[in-house]
Amino acid sequence: MAHSIIVGRRKNAVARVYLTPGSGKVTVNGREFENYFPDGFDRQVVLSPLHTVEMVDRFDIHANVHGGGHAGQAGAVRHSIARALVEIDETLKSALRHGGHMTRDPRMVERKKYGQKKARKRFQFSKR
């Protein structure tokens with residue numbers, strides 16, 4: 001039985017995750033997990049909610065991600081997996097929240113302001 005689509009976000013990345021009972025196979029945007037996230041830390045971030053509740057080999061995960069970079073996308077997939085696990089079993093919520101998986105990371109790039117070089121950096125000041 002397929003579970004509903006759960007959305008997770010981080011920075012500018014948005015991830016939609018489908019969890020189905022299975023053997024622990026993970027695909028991201030139609031590619032193998034190891035190919036899409038070649039960095040071991042990103043793979044660790046993505047699977048951390050499953051390690052927290054000790055369900056690594058119980059679900060097949062299919063994720064669609066767009067926007068942001070590799071770290072933001074990994075965080076978005078992590079957030080959506082955690083939300084999907086809570087939708088499957090409400091008793092997991094406290095463990096996932098304690099592990100920090102349920103909170104959406106609110107840090108975003110600050111916008112550039114007019115009259116400035118970047119968001120906070122100013123143009124060089126000349127007294128004379």
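Details of the structure are given in the entry above.
Residues numbered from 1 in each chain as written. Predicted model: local features only at pLDDT ≥ 70, side-chain atom pairs only at ≥ 80, totals over all residues. Heavy atoms only, no water.

Visitor: I'd like to hear about the overall build of the protein chain, residue by residue, with values.
Guide: The secondary structure content of the protein chain amounts to 4 helices and 5 strands. Along its sequence from the N terminus, the protein chain presents helices and strands in the succession β-β-β-β-α-α-β-α-α. Its C-alpha atoms give the protein chain a radius of gyration of 18 Å, more than 25% over the compact-globule value 14 Å for 128 residues. Projected onto the principal axes, the alpha-carbon positions of the protein chain cover approximately 70 × 30 × 25 Å. The buried share of the protein chain, reckoned over its 128 residues, is 38%. Look at the contacts in the protein chain between residues 6 or more apart in sequence, and 67% of them connect residues 24 or more apart. Distance between charge centroids for the protein chain: 19 Å, based on 24 positive and 12 negative side chains. (Helix = DSSP H or I, 4+ residues; strand = E, 2+ residues; numbered from the N terminus. Rg over C-alpha atoms; globule rule 2.2 N^0.38 Å. Buried < 20%, exposed > 50% of the residue type's maximum accessible area, 1.4 Å probe, protein only. Contact = heavy atoms within 4.5 Å. Lys, Arg positive; Asp, Glu negative; His and termini not counted. Charge placed at Lys NZ, Arg CZ, Asp CG, Glu CD.)

Visitor: Can you lay out the environment of Ile81 for me, pointing to particular residues and giving the numbers?
Guide: Mapping Ile81 onto the fold places it in helix α3 (residues 70-88). Judged by its relative accessible area of 0%, Ile81 falls in the buried class. Measuring from C-alpha to C-alpha, the distance between Ile81 and Leu47 comes to 8.4 Å, with 34 residues separating the pair along the chain. Residues in contact with Ile81, not counting those within four places in the same chain, are Val17, Val46, Pro49, Leu50 and Ile61.

Visitor: Residue-level account of the sheet that holds strand β5 (residues 59-66), with values.
Guide: Spatial ordering of the open sheet is given by β1-β2-β5-β3-β4, a layout of 5 strands whose pairing is mixed. Looking at strand neighbours, the two that pair on one side only are β1 (6-10) and β4 (31-32), the edges of this open sheet. Contacts from α3 reach β1, β2 (13-21) and β5 within the one sheet, and its direction differs from that of β1 by about 145 degrees. (Pairing = 2+ DSSP bridges. Axes fitted to C-alpha atoms, helices over the stretch in contact; angles between N-to-C directions.)

Visitor: Lay out the packing of aromatic side chains in plain terms, naming residues and giving numbers.
Guide: Applying the stated criterion to the full structure yields 2 aromatic pairs. Judged by centre distance (6.1 Å) and plane angle (75 degrees), the rings of Phe33 and Phe37 are edge-to-face. Note on accessibility: Phe33 and Phe37 belong to one class, buried. (Phe/Tyr/Trp six-rings, centres within 6.5 Å; stacked < 30°, edge-to-face > 60°.)

Visitor: Give me the lowdown on the pairing of β1, citing residues and values where you can.
Guide: In β1, alternate side chains face the same way, and those of Ile6, Gly8 and Arg10 are buried while those of Val7 and Arg9 on the opposite face are not. With 5 bridges connecting them, β1 and β2 associate as antiparallel partners. From the neighbouring strand, Arg9 faces β2, where its bridge partner is Val14.

Visitor: Break down the pairing of β2 for me, with residues and values.
Guide: Here β1 folds back onto β2, and the loop between the two strands holds 2 residues, one of which, Lys11, carries a positive phi near 50 degrees. The sheet contact formed by β2 and β5 spans 8 bridges and is antiparallel. Following the sheet pairing, Arg16 is matched in β5 by Asn64.

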